[in-house]
Amino acid sequence: MSVSLLSEQAYLEYTDENVLFRFSNLYDLPEEEITDLFRETKKFIAICTEPDIYINDDLLIIDEMWHNFILFTPVYASFCTSFFQRFIHHIPLSKKEKEAFLKQEKTDPEKARTAYMGREERLISTVYELCGEETVIKWFSEYPEKYTREYIKSIQK
């Protein structure tokens with residue numbers, strides 16, 4: 001995607017009451033916040049059309065909403081194919097990838113750190129390029145402070 005994702009508003013306006021309803025049954029959050037999290041999740045899904053994008057710990061709440069959306073598999077598949085012409089897979093870090101990273105971290109910590117920082121920089125620059133500064137601030141400054149693992153656990157119903 002070379003154009004700003006925000007200029008392509010159709011996918012951002014997409015909604016599904018069952019996805020929102022289920023999330024509201026899982027987490028004690030105001031409806032407006034849940035709606036906003038769904039919007040941000042749709043942005044992230046769109047960004048996943050780019051190569052080498054992954055979801056990091058700063059985006060745990062987006063990951064939770066994405067998991068929720070995927071559970072409505074026919075709805076999720078239709079969303080993906082309607083707006084991105086393909087199914088967007090959510091693929092976690094594999095055992096092999098994790099083991100390779102841990103091995104590199106032991107044998108060459110500087111190289112492991114540089115590789116990690118490169119992936120992080122790619123993620124943030126892609127978000128900036130496609131969604132703008134406001135989304136970068138929201139995802140990588142506001143979300144890590146607000147949506148910690150502890151907070152997410154505390155709002156679970």
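The structure this text deals with has already been given above.
**Re the pattern of salt bridges**
Moving on, step 1. Counted under the stated rule, the structure contains 6 salt bridges.
Moving on, step 2. With a shortest N-O distance of 2.9 Å, E33 and K146 are connected by a salt bridge. Placement of the pair is E33 in helix α3 (residues 31–47) and K146 in helix α8 (residues 133–146), with a sequence separation of 113 residues.
Moving on, step 3. One salt bridge in this structure joins E40 and K138, with 3.3 Å as the shortest N-O distance. Of this pair, E40 sits in helix α3 while K138 sits in helix α8; the two residues are 98 residues apart in sequence, bridging distant segments of the chain. You'll find E40 and K138 in the same group, each marked buried.

**Let's talk about helix α4 (residues 60–71)**
Moving on, step 1. Taking 1.5 Å of rise per residue, 12 residues should cover 16 Å, and α4 covers 17 Å from first to last C-alpha, within 8% of that figure.
Moving on, step 2. Regarding α4, the residues found buried are L60, I61, I62, D63, M65, W66, N68 and F69.
Moving on, step 3. Residues of α4 that are buried make contact with α2 (17–26), α3, α5 (73–84), α8 and α9 (149–155).

**Describing the nonpolar core**
Moving on, step 1. In this structure, F44 and W139 are the most contacted members of the largest nonpolar core, which totals 40 residues.
Moving on, step 2. Elements with a minimum of two residues in this core: α1 (10–13), α2, α3, α4, α5, α7 (109–131), α8 and α9.
Moving on, step 3. The element contributing the most residues to this core is α3, with 7 residues.
Moving on, step 4. Here W139 is in contact with E40, K43, F44, I47, D58, L59, I62, V127 and P144, once residues within four sequence places are set aside.

Here is what the cut-offs are and how they apply
Residues numbered from 1 in each chain as written. Predicted model: local features only at pLDDT ≥ 70, side-chain atom pairs only at ≥ 80, totals over all residues. Heavy atoms only, no water. Salt bridge = Lys/Arg side-chain N within 4 Å of Asp/Glu carboxyl O. Helix = DSSP H or I, 4+ residues; strand = E, 2+ residues; numbered from the N terminus. Buried < 20%, exposed > 50% of the residue type's maximum accessible area, 1.4 Å probe, protein only. Expected span 1.5 Å × (residues − 1). Contact = heavy atoms within 4.5 Å. Core = buried A, V, L, I, M, F, W, Y, C linked by side-chain atoms within 4.5 Å.

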